[in-house]
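Coordinates in review
What follows is each chain in one-letter form.
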Amino acid sequence: MGKKVRKESETPCKETFEPLPVEGKNPATVVLLLSSPEEDILVKACEAIHTFAEKGDENKVSLLGLGALEPLCQLISHDNKLVRRSALMALGIMTANSDVKSALKKIDVIPSIIDKLSLEEDVVVHEFATLCLASLSVDFVCKVQIFDSKGLPTLIQLLCSPDPDVKKNSLETIFNMVQDYQSRQAVHELGGIPQLLELLNSEFPVIQHLALRTLQNVTTDKDTRNTFREEQGFEKLMDILSNADFSDLHIEALQVVANCLNDSESFQLIHQGGGLTRLTEFIITPNITEIQSCAVKCIARVAQSAENRKLLHEQNVEKVLVELLSVSDVSVKTASCQAVSKMSFHLACKDCFRDLGGIPEIVQLLNNESLVLREAATQALSNLTHGNKLNAFAVYEAGGHEILVQQLYGNCAGTVANSAATLGNMAGQGVIRCSILLHGAMQALVEPLKSTNVQVLVNTTQCLAMLACDTEARAELQTAGGLQPLVNLLRSYHKEVLHNACLAINVCASDEPTAVEMCRFGAVELLHEINQSVKRRSSVSKLAMTSLLNSNLSVKYSLTGHLSSTDIIRDGFYDAGKACGGQRILTLEELSEQPVNQQRPIIFVNTAAEETVDVPDESQSNQSETDTSSKRDRRTSRKKKQKDETQPESPTEKQWKMMDDVSLPLLVKEVKESILPLSEEREQYAALARLVSEAMGGAVEMEKLHEFPWVLHLSELKFQLQSNVVPIGLIRRGIYRHRALLFKCLVDCIGLSCTLVRGEYNRAWNEVLLFTGNPSSNGRSSLPCRYIVDLLHQPGSLLKANTPAAVQYQTI
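Residues numbered from 1 in each chain as written. Predicted model: local features only at pLDDT ≥ 70, side-chain atom pairs only at ≥ 80, totals over all residues. Heavy atoms only, no water.

Considerations on the overall build of the protein
Helices and strands together make up the secondary structure of the protein, namely 47 helices and 13 strands. When burial is assessed residue by residue, the protein has 50% of its 812 residues classed as buried. For the protein, the exposed area adds up to about 39,400 Å²; of that, 50% sits on carbon and sulfur atoms. (Helix = DSSP H or I, 4+ residues; strand = E, 2+ residues; numbered from the N terminus. Buried < 20%, exposed > 50% of the residue type's maximum accessible area, 1.4 Å probe, protein only. Areas by Shrake-Rupley, 256 points an atom, 1.4 Å probe, with all protein chains shown as cover.)

As for the confidence of the model for the protein
Per-residue pLDDT for the protein averages 86, and the proportion of residues at 70 or more is 89%. The secondary structure element of the protein with the lowest average pLDDT is strand S7 (residues 635–637), at 36, and the one with the highest is helix H29 (residues 413–426), at 97. Here residues 1–11 is a poorly scored stretch, pLDDT under 50, and it has 34 contacts once near neighbours within four places are set aside; other chains count. This model gives residues 611–653 a pLDDT under 50, and the stretch forms 26 contacts once residues within four places in sequence are excluded. (pLDDT = per-residue confidence, 0-100. Contact = heavy atoms within 4.5 Å.)

Side note on the sheet that holds strand S9 (residues 756–758)
Strand order in this open sheet of three strands is S3-S9-S10, and the pairing throughout is antiparallel. The sheet is open, and its two edges are formed by strand S3 (562–563) and strand S10 (764–765), each paired on a single side. Pairing geometry for S9 and S10, over two bridges, is antiparallel. The partner of Arg758 across the bridge, within S10, is Ala764. (Pairing = 2+ DSSP bridges.)

Some points on the side chain of Arg374
On the secondary structure map, Arg374 appears in helix H26 (residues 371–385). Separated by 3.4 Å, the side chains of Arg374 and Gln407 make a polar contact. Apart from residues lying up to four places away in sequence, Arg374 is in contact with Leu365, Leu366, Asn368, Glu369, Gln407 and Thr415. (Polar contact = N/O pair within 3.5 Å; in protein donor to acceptor, adjacent residues only side chain to side chain.)

Overview of the nonpolar core
With 191 residues, the main nonpolar core has Leu490 and Leu548 as its most contacted residues. No other element matches helix H2 (residues 39–53), which puts nine residues into this core. Leaving out residues up to four positions away in the same chain, Leu490 has contacts with Leu498, Ala501, Cys502, Ile505, Ala523, Leu526, Leu527, Ile530 and Arg536. (Core = buried A, V, L, I, M, F, W, Y, C linked by side-chain atoms within 4.5 Å.)

With respect to the packing of H29 against helix H32 (residues 454–467)
Viewed as axis vectors pointing N to C, H29 and H32 meet at an angle of 25°, and their least axial separation amounts to 8 Å. As far as their axial angle goes, H32 and H29 are roughly parallel. In terms of crossing hand, the pair formed by H29 and H32 is left-handed. Each of Ala413, Val416, Ala417, Asn418, Ala420, Ala421, Leu423 and Gly424 in H29 lies in contact with H32, whose residues at this interface are Gln455, Val456, Asn459, Thr460, Cys463 and Met466. (Axes fitted to C-alpha atoms, helices over the stretch in contact; angles between N-to-C directions. Parallel < 35°, antiparallel > 145°, perpendicular 65-115°, else oblique. Left-handed = near helix turned anticlockwise from the far one by under 90°.)

What about the pairing of strand S12 (residues 784–789)?
In the sheet, strand S11 (residues 767–771) pairs with S12 via five bridges, with the strands oriented antiparallel. Each residue of the ladder has a partner; that of Leu769, found in S12, is Arg786. Where S12 and strand S13 (residues 798–800) come together, three bridges link them in antiparallel fashion. Note on S13: the bridge partner recorded for Ile788 is Leu799.

Things to note about unusual backbone geometry
For Asn316, which is not glycine, the phi torsion reads 55° and is therefore positive. Examined against the element boundaries, Asn316 turns out to sit in the loop between helix H21 (306–314) and helix H22 (317–324). Although it is not a glycine, Tyr761 sits at a positive phi angle of roughly 55°. Tracing the chain through its elements places Tyr761 in the loop between S9 and S10.

Details of helix H27 (residues 389–397)
Within H27 the residues assigned to the buried category are Asn391, Ala392, Ala394 and Val395. For H27, the angular spread of the buried residues around the axis is 155°, confining them to a single face. Relative to its buried face, H27 has exposed residues pointing more than 90 degrees away, namely Lys389, Leu390 and Glu397. Considering only its buried residues, H27 is in contact with helix H24 (347–355), helix H25 (358–365), H26, helix H28 (400–407), H29 and helix H30 (430–438). (Arc of directions from axis to C-beta.)

Points about the sheet that holds S11
Here we have three strands laid out as an open sheet, ordered S11-S12-S13, and antiparallel in their pairing. The open sheet has two free edges, formed respectively by S11 and S13, since each of these has just one partner strand. Across the sheet, the axes of successive neighbouring strands diverge by a mean angle of 45°, strand direction being ignored. In the packing of helix H44 (residues 681–695) onto the sheet, contacts are made with S11, S12 and S13, and the angle to S11 comes to roughly 155°.

A closer look at the pattern of salt bridges
Inspection of the entire model under this criterion finds 20 salt bridges. Across the salt bridge formed by Arg84 and Glu121, the nearest N and O atoms sit 3.3 Å from each other. Of this pair, Arg84 sits in helix H5 (residues 81–94) while Glu121 sits in the loop between helix H7 (110–115) and helix H8 (123–136), and the two are 37 residues apart along the sequence. For Arg84, a relative accessible area of 11% puts it in the buried group. Salt bridges linked by common partners bring Asp351, Arg354 and Asp355 together as one network. (Salt bridge = Lys/Arg side-chain N within 4 Å of Asp/Glu carboxyl O.)

Some thoughts on the packing of H44 against helix H46 (residues 736–750)
H46 packs onto H44 with a crossing angle of 130° between their chain directions and a minimal axis gap of 10 Å. As judged from the angle between their axes, H44 and H46 are oblique. Considering only the axes of H44 and H46, their crossing is right-handed. From H44, Tyr685, Leu688, Ala689, Val692, Ser693 and Ala695 reach across to H46, where they touch Arg739, Leu742, Phe743, Leu746, Val747 and Ile750.

A few points about helix H18 (residues 264–272)
All of the buried residues along H18 are Ser264, Ser266, Phe267 and Ile270. Down the axis of H18, the sector holding all buried residues measures 160°, keeping them to one side.

Okay, structure coming up:
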């Protein structure tokens with residue numbers, strides 16, 4: 001960096017030094033010279049810094065540390081042209097360094113740089129001023145400063161500069177700026193499109209590439225595309241695409257073409273001019289695969305519009321795409337699948353792809369190693385099978401359903417979502433659904449139910465709702481552990497996820513085991529919360545709640561206090577009392593495992609009769625006469641006998657089993673033998689009411705109800721059983737709620753019908769529907785009447801609903 005400079009020292013004397021040669025080898029010394037008042041010294045110092053900075057980033061950082069930046073920024077506005085030019089040259093070179101750019105952001109230098117783009121300045125000044133702007137414009141803050149300082153109009157003018165470096169630097173700055181919408185609009189409004197198109201004819205490839213990349217950004221705006229079309233921009237692009245010498249420009253050119261074809265108006269005008277035919281020919285002509293892939297992406301972009309899809313269909317683009325599915329290049333096949341996906345929104349195209357054999361080709365791509373290709377293939381199949389049974393069957397015949405099930409285990413969210421959607425589309429056909437389930441679809445759907453990706457959850461729950469219409473499928477889902485993540489989705493605030501989760505729960509609630517399991521996971525409480533919310537509730541969430549309760553009558557009765565005549569009580573039903581708001585209703589198993597407490601017992605139903613054998617008379621003679629006198633209590637369970645003979649199960653192996661009720665099965669048998677033969681329905685209900693009353697302590701006068709020892713009896717039962725849950729058949733002293741439950745249970749067992757309604761303070765009653773009046777030709781009147789069945793005070797009496805007697809029975 002040794003430069004001989006002349007230094008003239010300011011003195012109060014009129015005399016001056018003779019020219020003094022100075023050797024400045026230290027950068028710090030040269031930086032100090034930037035403060036000299038002598039123009040010659042300033043020029044030489046700037047030139048020295050320019051040369052030094054060109055040698056590498058380390059030198060640029062060194063100059064930054066020595067404080068060269070601020071004096072250089074001041075010197076670019078010097079009165080002397082040589083000083084300005086030399087300072088800009090040094091500054092232009094230094095701005096290529098990221099540290100220098102960061103430092104320049106703190107100095108308001110951009111307006112000064114833009115001032116140097118005036119026509120009065122020479123080409124070298126333009127070159128290095130635009131070089132500064134090109135380097136700085138990659139930063140958003142600097143782009144805003146350039147725009148606010150009116151730099152864009154000047155830069156567009158400089159695109160016509162005779163100097164290629166000025167063109168290149170100006171174009172690069174414009175390219176950086178048009179990443180933002182405001183600048184894209186401004187380029188169009190300032191008449192920049194013709195200049196950009198003109199640069200496509202440049203002899204310098206770097207300028208051609210930059211021009212195409214800039215056009216790619218600005219043509220995303222509709223008004224700009226109109227101007228582009230008016231300036232014959234599409235024709236110029238097609239000329240580039242048709243010229244093999246410009247193969248390096250084809251990718252960028254095709255990306256601009258895709259924008260031009262994006263809106264229907266532009267597309268139709270280009271189509272009328274034969275542009276679409278030229279583009280299709282270009283796609284099918286053997287070419288560089290990357291370029292061919294880009295061309296197919298143009299088709300996909302065009303196919304986003306319904307009108308465009310119709311025109312593409314008329315051009316038989318489906319045939320081209322199907323042919324491209326079998327090429328060797330992965331990128332071309334991926335782009336083709338993406339185009340198929342878009343074209344499949346046109347109904348006629350779906351049939352075309354099937355008739356052309358495209359579906360088996362896409363199914364084969366599901367086995368490809370490329371994750372991107374597999375995602376594109378599953379998306380294509382999803383769209384092709386949506387609402388099209390023939391396409392769904394074509395995927396099935398090609399073995400696609402088996403591969404799609406395996407794709408559910410993948411890590412790519414898009415592939416999983418598309419696979420679930422396709423399987424859901426196919427599951428509407430029974431034969432296909434059974435085959436999908438045979439390949440383990442329910443197990444495969446469990447993990448996607450835990451995904452955090454919204455589209456995966458939407459498609460998975462929808463697929464689940466389609467597959468879970470079979471009983472075996474629901475059982476398989478329960479075994480695979482899929483019910484809990486499904487219930488957890490009720491916490492989602494995404495509308496579509498919540499909707500589909502409710503839909504799937506509604507289907508899964510068709511069976512009591514799955515309904516009980518979902519209730520155990522808190523489904524009832526979550527649905528109750530949803531249905532209380534104005535924003536989250538829907539008809540589907542209400543339907544899910546209804547289905548869940550209809551398949552879990554214990555929870556329904558606890559929540560609503562009402563069972564209709566169509567709600568048939570079965571084994572395992574239990575009355576846990578009225579549910580407390582916000583608390584989960586425990587299962588019978590959970591309740592039975594709790595330690596004995598002071599609360600009222602949980603009454604449950606179990607009519608299953610064990611396989612039994614009579615105990616020999618010799619063993620009976622040793623029994624105490626204080627044992628239960630009923631003959632049904634003198635029977636021993638063969639199951640229990642076998643268990644005693646075998647080794648006891650370990651605690652970990654022992655499964656919970658509902659407590660046996662030795663009395664209820666015999667009572668059911670007695671009802672069937674004595675009640676069913678009665679000819680009159682009214683008499684059947686009355687006789688059954690008397691039988692229930694006898695089983696639970698007989699009639700009790702209203703005035704003496706407080707003397708009836710039912711509380712003590714139930715406490716003794718709990719103590720004897722060492723359990724909070726008590727079989728209803730063992731209750732010998734029961735009042736309203738116990739008798740009403742037993743009556744409902746026995747009515748359901750013999751095929752009659754009645755309701756079960758919970759009242760306040762241990763009240764409960766049954767309503768039956770009887771026909772009154774003169775019988776018609778079919779033996780019945782058309783006027784039914786509701787009656788309350790008296791099971792306690794005058795057993796067998798049928799009290800007409802809403803009469804004083806009925807109201808008295810229902811209330812205190």
